[in-house]
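# Structural overview for review
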Amino acid sequence: QEQLVESGGGLVQPGGSLRLSCVASGSIFSINVMGWYRQAPGKQRELVAILTSGGSTNYADSVKGRFTISRHNANKNTVYLQMNSLKPEDTAVYYCNADVMTYGGNSLSSWGPGTQVTVSS
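Here we summarise the structure given alongside this text. (Residues numbered from 1 in each chain as written. Predicted model: local features only at pLDDT ≥ 70, side-chain atom pairs only at ≥ 80, totals over all residues. Heavy atoms only, no water.)

## Details of the environment of Val-12
- Its location among the elements puts Val-12 in strand β2 (residues 10-12).
- Other than its neighbours up to four places away in sequence, Val-12 contacts Ser-17, Leu-18, Leu-86, Thr-118, Val-119 and Ser-120. (Helix = DSSP H or I, 4+ residues; strand = E, 2+ residues; numbered from the N terminus. Contact = heavy atoms within 4.5 Å.)

Below is the structure:
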């Protein structure tokens, strides 16, 4: 069964940095898109950044210039989110998502359980 696991969240002061990691495992033939979403208390889940298998990226306007999504060079099933110049409004649970094609021929969208990021002094 396909599984995504995030790590790297925590408490950081405004202006600080964190790097989130997401590893996808299971019966994965290919991943077309991997991305990060976030959900703050009382708000809807929103896109933060996505990365396609071809290397294209897309970012939310609120994180452009501060966040960078990237993929591990050797393990294409691992994606990172480097977050710099963090602001209190970046506080949220961050979720990893992957559009997966399985060896069984199924196409599905998988989500990780999420990792908490808190930006506070």
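## Here we look at the pattern of salt bridges
- Taken as a whole and assessed by the stated rule, the structure comprises four salt bridges.
- Asp-61 serves as the salt-bridge partner of Lys-64, at 3.1 Å between the closest nitrogen and oxygen.
- Given the relative accessible area of 64%, Asp-61 is considered exposed.
- Each of Arg-38, Glu-46, Arg-66 and Asp-90 takes part in one network of salt bridges that share partners. (Salt bridge = Lys/Arg side-chain N within 4 Å of Asp/Glu carboxyl O. Buried < 20%, exposed > 50% of the residue type's maximum accessible area, 1.4 Å probe, protein only.)

## Let's talk about the nonpolar core
- Trp-36, Leu-81, Met-83 and Tyr-94 are the most contacted members of the largest nonpolar core, which totals 30 residues.
- At the level of elements, β3 (18-25), β4 (28-39), β5 (46-52), β7 (67-71), β8 (78-83), β9 (92-102) and β11 (115-119) are the ones that each hand at least two residues to this core.
- The leading source of residues in this core is β9, at five residues.
- What Leu-81 contacts, discounting residues up to four positions off in sequence, is Leu-18, Arg-19, Leu-20, Trp-36, Val-48, Ala-49, Phe-67, Thr-68, Ile-69 and Tyr-94. (Core = buried A, V, L, I, M, F, W, Y, C linked by side-chain atoms within 4.5 Å.)

## Considering the state of the cysteines
- For the structure on display, the rule yields one disulfide.
- Here Cys-22 connects covalently by a disulfide to Cys-96, the sulfurs 2.0 Å from one another. Measuring the twist about the S-S bond at about -85°, one finds the Cys-22-Cys-96 disulfide to be left-handed. You can see Cys-22 sitting in strand β3 and its partner Cys-96 sitting in strand β9, a full 74 residues away along the chain. With respect to class, Cys-22 is no different from Cys-96; both count as buried. (Disulfide = S-S within 2.5 Å.)

## Details of the side chain of Thr-78
- By the element assignment, Thr-78 lies in strand β8.
- Setting aside residues up to four positions removed in sequence, Thr-78 forms contacts with Cys-22, Val-23, Ser-70, Arg-71 and His-72.

## A short note on the sheet that holds β3
- Strand order in the open sheet formed by four strands is β1-β3-β8-β7, and the pairing between neighbours is antiparallel. Unpaired on one side and paired on the other, β1 (3-7) and β7 mark the two borders of the sheet. Strand-to-strand twist in this sheet, taken as the mean axis angle between neighbours without regard to direction, amounts to 15°.
- For β1 and β3, the ladder comprises five bridges, and the chain directions are antiparallel. For Glu-6, the partnering residue across the bridge sits in β3 and is Cys-22. (Pairing = 2+ DSSP bridges. Axes fitted to C-alpha atoms, helices over the stretch in contact; angles between N-to-C directions.)

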